[in-house]
Amino acid sequence: MTKKVLFINQEIIPYVPERELSVMGKSVPQAALDKGWEIRTFMPKWGNINERRGQLHEVIRLSGMNLIIDDTDHPLIIKVATIPQTRIQVYFIDNDDYFTKRGMTTDANGVEYDDNGKRAIFFARGVLETVKKLRWIPDIIHCQGWISHVVPYYIKTAYSDEPSFANTKVVTSLFPKDFNGNLADKFKQSMEFREATIDKLTSYSDTFDHTELAKLAIDFSDGVIEAKADVCEELKQYAAEKKGDNVLKYKDGNFADAYEQFYDMLLGNN
C-alpha cells in the first residue's frame, strides 16, 4: 500500500525567496514523491506571494469555514497551485487578518508581528480542517518551520480521535532560530481548543519564544529531525532527552534515503 505524507511547511520556493527553509520546503516533498509516496503539501499564503505569477486559485469547496480564536471568527480561505516542472501541488492557507498583505515573521520595518502566535494557531487548525475535508488519511505528518510547530500539539490532543489523524505519526524538523521575540503573553489561552486545554501546558513558560515553541513541537511529535547542522544545542539536547532513538541527526548531502528510513522506522516497517 502506498504510504502517505502530509507536509506542513513554513515556506516553499519558488513562492517565497530562496533560503535553507524554503529550499527544504520543496526538496523534501519532491524526495518523497520520487520514492513513490503519496503527498499533500501546505504552506501559508504569505503576503509576499505573487498569486498571478504563481498561478494560485481559490478552491471554493474547501474554503468558507470560520475558525474561532479568542472568541473571534476568522474565515479560512484555501488556494492551490502546482510548482512549475514538478508534480507537487501546494495548498495555501489564507486569511485577510493573518496573511493577506503581510510578511512572514516581520513587517516591512523588520518588526515582528505581535500576533504571530495566533497566526500559527490559525495555520495549524486550517491545515488540519482542510485535510479532514479532503478525506485523506496521512501515515506521516512532517512539520517544517516555526509556523507549523503548533500542529503536533493539536494532533495529539484536539484531533487525536479524528479518523484522519488517529494513527498518524508526527515528525518535526528543527531549523535555526527564525524569530527573536515572544509569541504573546496569552498564547496558551489562545491555543485552547477541544481537548487542547491550558492545563496540558503548565510545564511551559507563559511567554513563548522560538525555543519554547520548538520544545512544544518536540514533546508532541513521534520523531524529530535535525534539518540543519546549526540547530541550537539546547534543542538538540532536549530532543535527545525526550525522544531518544527517534531523532534523526543532520545528514549532509543526500537526505532522501535517511528520511525514508526514518519514516519507516516510526511506522514500524523496519
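Overview of the structure. All of these numbers come straight from a predicted model, not from anything done at the bench. (Residues numbered from 1 in each chain as written. Predicted model: local features only at pLDDT ≥ 70, side-chain atom pairs only at ≥ 80, totals over all residues. Heavy atoms only, no water.)

## Side note on helix α3 (residues 116-134)
In step 1: Spanning 19 residues, α3 covers 27 Å between terminal C-alpha atoms, matching the ideal 27 Å at 1.5 Å per step.
In step 2: The element α3 is largely enclosed, with a buried count of 16 among its 19 residues.
In step 3: Of the residues flanking the end of α3, it is Arg135, one or two places downstream, whose phi is positive at about 55°. (Helix = DSSP H or I, 4+ residues; strand = E, 2+ residues; numbered from the N terminus. Expected span 1.5 Å × (residues − 1). Buried < 20%, exposed > 50% of the residue type's maximum accessible area, 1.4 Å probe, protein only.)

## Focus on the pairing of strand β1 (residues 4-9)
Here is the key point about a regular strand: its side chains alternate between the two faces of the sheet.
In step 1: In terms of burial, β1 is largely enclosed, as 5 of its 6 residues are buried.
In step 2: Pairing of β1 with strand β2 (residues 38-44), which is carried by 5 bridges, proceeds in the parallel orientation. Bridging across to β2, Leu6 finds its partner in Arg40.
In step 3: On the question of chirality, the crossover connecting β1 to the parallel β2 by way of helix α1 (residues 20-34) is right-handed. (Pairing = 2+ DSSP bridges. Right-handed = clockwise from strand over helix to strand, strands pointing away.)

## Focus: helix α8 (residues 256-266)
In step 1: When we look at burial in α8, the residues that qualify are Ala256, Ala258, Tyr259, Phe262, Tyr263, Asp264 and Leu266.
In step 2: In this structure, the buried residues of α8 make contact with β1, α1, β8 (140-144), β9 (169-174), β10 (223-226) and β11 (247-248).
In step 3: Once α8 ends, the next one or two residues include Gly268, with phi positive near 75°. (Contact = heavy atoms within 4.5 Å.)

## Considering the packing of helix α6 (residues 210-219) against helix α7 (residues 233-243)
In step 1: Running from N to C, α6 and α7 cross one another at 20°; their axes reach a closest spacing of 10 Å. The pairing of α6 with α7 is recorded here as roughly parallel in orientation. For the element pair α6 and α7, the recorded crossing hand is right-handed. Of α7, the residues touching α6 (which contributes Thr211, Ala214, Lys215, Ile218 and Asp219) are Glu234, Leu235, Tyr238, Ala239, Lys242 and Lys243. (Axes fitted to C-alpha atoms, helices over the stretch in contact; angles between N-to-C directions. Parallel < 35°, antiparallel > 145°, perpendicular 65-115°, else oblique. Left-handed = near helix turned anticlockwise from the far one by under 90°.)

Just distances and angles here, no functional claims.
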